[in-house]
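Listed below are the residues making up each chain.
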Amino acid sequence: MIPSLPPTPARHALRGRAVTFGANPFMADPAQALVYEADALILIEDGRITQFGAFDALRDTLPPDTPITHWGDGIISAGFVDTHVHYPQLPMIAAYGEQLLEWLERYTFPTEARYADPDYASDVARRFLRELLRAGTTSAAVYCTVHPQSVDAFFTESARLNTRMVAGKVLMDRNAPANLRDTPQRGYDESLALIDRWHQHGRQLYAVTPRFAATSTEEQLDLAGSLLRQREGLFMQTHLSENLAEVEWISHLFPNRASYLDVYAHAGLVGPRSVLGHGVHIDEGTFHTCHAAGCALAHCPTSNLFLGSGAFRLFDALDPRRPVRVGLGTDVGAGTSLSQLQTLNEAYKVAQSTGRRLHPAQAFWLATAGGAHALYLDDRIGTISPGMEADLCVLDPHATPLMAQRAEQCQTIEDLLFVLMMLGDDRSVRATYVAGALVHDRDAPAGQPA
Ligand SMILES: [Zn+2]
């Protein structure tokens, strides 16, 4: 039994410090792109932000009797966006010892087989979404398993919470255990039924989800491409060039394709709303194709470090001469945390290892507006401004004694954001709002989201 928080009124306002973005800090001066309001007021009506600005300027414009929640020196941000994560792998996070292909065989496939049981799927989906909200993440692109019931379980819970989620059934018709394989036709039929049930149902969005090129035949990839053309606004998610042994394997499985990305492009899977996980081992030509196609790469630093996959070249991907859309992914269960703050911690270190410096404004942009941009959802989520859906989190820079003493020395908001991304985790998320409703309050007596 999960205790519920009291319902949030349809019209209410938040007051506190606020950060958001007026521009892309990889294209403009990061300090200029960051919008900081030291004493902000955010008016929320029917799930959307209707006013945002300085408290002093807006206080007299509020409709009478609007309740205001004052978050003190908490920092209000758009909710985090996780562009690559596997909910069924939550129970096997922190699995020891292997790199990608052995890790899939030894840990992932046996874990995913359990999702044939709809009750198990519902239980994990509930726990996963609760963990996301505790981490301040309000939207994610989520892999389910090959079982349609794993998708129903996920969307049922997401619809209950009213979170904006992108998810889909994994397609896998070869190089996987028999109990995790579909066939091209069955994968197509099951996906289409799920699309009709869930795509654009409330805030839910469907992603056609071939796991990766090694676990789908060419016929299945072609049918996945055909699925994408059946309905407007569908997403596509898969993995690309994560690990060197995988890249080598793909080149043997598809000897006639010019590159790994070309395997997907040939099947009609690469375009706007295509999200390719990792892209660690790709060359300039592939970056260029991604830019031209409008697809996105999901940068998953905790996963890449955990599996020893390599260092993603973030600044090459985002080269302003041919920028590729990039979001941040936790990639749990290969990732080691659902917290975007922890993910930024590792993203900073990976950038350092490639000789580049990830500015805190660039980092927080990736975790919010950049993720929304990668998913083509930046007209709805990812920033704080009138008209946007009110998915927000409130960050506490004093969440631990160490953070509190470090935060005291900060002179600028950039310094404070950097402390949050290096020392912060779910403890630093004071509260989370979904479509205007409070769904997580760290310090509520129950301490649980709705
Ligand atoms: Zn993944």
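Residues numbered from 1 in each chain as written. Predicted model: local features only at pLDDT ≥ 70, side-chain atom pairs only at ≥ 80, totals over all residues. Heavy atoms only, no water.

- In the annotation of an unreviewed UniProt entry, the protein is listed under the name Guanine deaminase and assigned to Gluconacetobacter liquefaciens.
- According to UniProt, the comment filed for the protein under the heading Function (unreviewed entry) is "Catalyzes the hydrolytic deamination of guanine, producing xanthine and ammonia."
- Its UniProt record gives the protein the following Sequence similarities (unreviewed entry) comment, quoted word for word: "Belongs to the metallo-dependent hydrolases superfamily. ATZ/TRZ family." (UniProt positions renumbered as here; feature names shortened; annotations may be inferred.)

Observations concerning the UniProt feature "domain: Amidohydrolase-related" (unreviewed entry) in the protein
Okay, step 1: The positions that UniProt labels "domain: Amidohydrolase-related" (unreviewed entry) are, in the present scheme, residues 75-439.
Okay, step 2: Secondary structure content for residues 75-439 is 42% helix and 17% strand, and the end C-alpha separation is 17 Å. (Helix = DSSP H or I, 4+ residues; strand = E, 2+ residues; numbered from the N terminus.)

Some remarks on the coordination of the zinc ion
Okay, step 1: The protein atoms that coordinate the zinc ion are H84 (NE2), H86 (NE2), H239 (NE2) and D331 (OD), at distances of 2.1 to 2.3 Å.
Okay, step 2: For the zinc ion, the four donor atoms in the first shell make angles of 87 to 168° at the metal, so the coordination geometry reads as irregular.
Okay, step 3: Considered as a linear motif, the donors of the zinc ion on their single chain read H-x1-H-x152-H-x91-D. One end of the pair, H239, is in strand β10 (residues 235-240); the other, D331, is in the loop between β13 (325-328) and α13 (340-353), and 92 residues separate them in sequence. (Donors = N, O, S within 2.8 Å, 3.2 Å for Na, K, Ca; no water. Tetrahedral: all angles 85-135°; square planar, octahedral: opposite > 155°, others 65-115°.)

Overview of the packing of helix α6 (residues 184-198) against helix α7 (residues 218-228)
Okay, step 1: Look at α6 against α7: their axes get within 9 Å of each other, and the N-to-C directions meet at 20°. Looking at the two axes, α6 sits roughly parallel to α7. Two packed elements cross with a definite hand, and for α6 against α7 that hand is right-handed. Here P184, Q185, Y188, S191, L192 and I195 of α6 come into contact with α7, specifically with E219, Q220, L223, S226 and L227.
Okay, step 2: Its residues assigned to classes, the contact of α6 with α7 comprises six nonpolar, four polar and one charged. (Axes fitted to C-alpha atoms, helices over the stretch in contact; angles between N-to-C directions. Parallel < 35°, antiparallel > 145°, perpendicular 65-115°, else oblique. Left-handed = near helix turned anticlockwise from the far one by under 90°. Contact = heavy atoms within 4.5 Å. Nonpolar A, V, L, I, M, F, W, Y, C, P; charged D, E, K, R; others polar.)

With respect to empty space enclosed by the protein
Over the atoms rolls a probe the size of a water molecule, and its path tells where empty space is left.
Okay, step 1: Under the criterion given, the structure shown has two cavities of 30 Å³ or more.
Okay, step 2: In this structure, the largest cavity occupies an estimated 120 Å³ of space.
Okay, step 3: At three residues, helix α3 (residues 100-113) tops the list of elements feeding residues into the lining of the largest cavity.
Okay, step 4: Of the residues that constitute the lining of the largest cavity, the class distribution is five nonpolar, four polar and four charged.
Okay, step 5: There is about 50 Å³ of room inside the second largest cavity.
Okay, step 6: Looking at the second largest cavity, the residues that line it are V19, T20, F21, S77, A78, F364, T368, G382 and T383.
Okay, step 7: Looking at the lining of the second largest cavity, the elements that each hand over two or more residues are β1 (11-21), β4 (68-78) and α14 (360-374).
Okay, step 8: Tallied by class, the residues present in the lining of the second largest cavity amount to four nonpolar, five polar and no charged. (1 Å grid on protein atoms, 1.4 Å probe; cavity = no way out; pocket = protein on both sides within 12 Å on 5 of 7 lines; lining within 4 Å. Points joined across faces, edges and corners; volume = space filled by probe spheres on them.)

Concerning α6
Owing to its 3.6 residues per turn, the α-helix aligns residues three or four sequence positions apart on the same side.
Okay, step 1: Between its first and last C-alpha atoms α6 spans 21 Å; for 15 residues at 1.5 Å apiece the expected length is 21 Å, and the two agree.
Okay, step 2: Within α6, burial applies to P184, G187, Y188, E190, S191, L192, L194, I195 and W198.
Okay, step 3: The secondary structure elements touched by the buried residues of α6 are α5 (148-161), β8 (170-171), β9 (205-210) and α7.
Okay, step 4: Backbone geometry just after α6 places Q200 at a positive phi near 65°. (Expected span 1.5 Å × (residues − 1). Buried < 20%, exposed > 50% of the residue type's maximum accessible area, 1.4 Å probe, protein only.)

Overview of the sheet that holds β4
Working definition: the strands of a sheet are paired by backbone hydrogen bonds and lie parallel or antiparallel to each other.
Okay, step 1: With respect to topology, seven strands assemble into an open sheet ordered β3-β2-β1-β4-β14-β15-β16, the strand pairing being mixed. Looking at strand neighbours, the two that pair on one side only are β3 (48-54) and β16 (437-441), the edges of this open sheet. Here the strands of the sheet are splayed against their neighbours by 35° on average, with no regard to which way each runs.
Okay, step 2: When strand β14 (residues 392-395) meets strand β15 (residues 429-434), the two strands line up antiparallel, connected through four bridges. Within β15, the position partnered with V394 by the bridge is A431. (Pairing = 2+ DSSP bridges.)

Structural notes on the nonpolar core
As a rule of thumb, nonpolar side chains are buried together in soluble globular proteins.
Okay, step 1: Y87, F128, F154, Y264, L297, L358 and F364 are the most contacted members of the largest nonpolar core, which totals 116 residues.
Okay, step 2: For this core, the leading source of residues is helix α4 (residues 118-134), giving eight residues.
Okay, step 3: In this structure, this core is formed jointly by two domains, domain 1 (11-79 + 384-441) and domain 2 (80-375), each of which donates at least three residues.
Okay, step 4: With residues up to four places along the chain from it excluded, the contact list for F364 reads F21, F80, L341, L344, L395, L417, L420 and M421.
Okay, step 5: Within the second largest apolar cluster, 19 residues are counted, among which are L5, I44, I384 and Y433. (Core = buried A, V, L, I, M, F, W, Y, C linked by side-chain atoms within 4.5 Å. Domains from an automatic or database assignment.)

With respect to the domain arrangement of the protein
In many analyses, interface size is given as the accessible surface area lost on bringing the parts together.
Okay, step 1: Along its sequence, the protein is organised into domain 1 (11-79 + 384-441) and domain 2 (80-375).
Okay, step 2: Computed over C-alpha atoms, the centres of domain 1 and domain 2 are 28 Å apart.
Okay, step 3: Taken together, the contact between domain 1 and domain 2 spans 34 residues of the former and 37 residues of the latter.
Okay, step 4: Overall, the association of domain 1 and domain 2 removes approximately 2900 Å² of surface from exposure, summing both partners, and the carbon and sulfur fraction of that is 71%.
Okay, step 5: Interface area lost by domain 1 to domain 2 is led by F21, F26 and M421, which between them contribute 26%. (Buried area = accessible area lost by both parts, 1.4 Å probe.)

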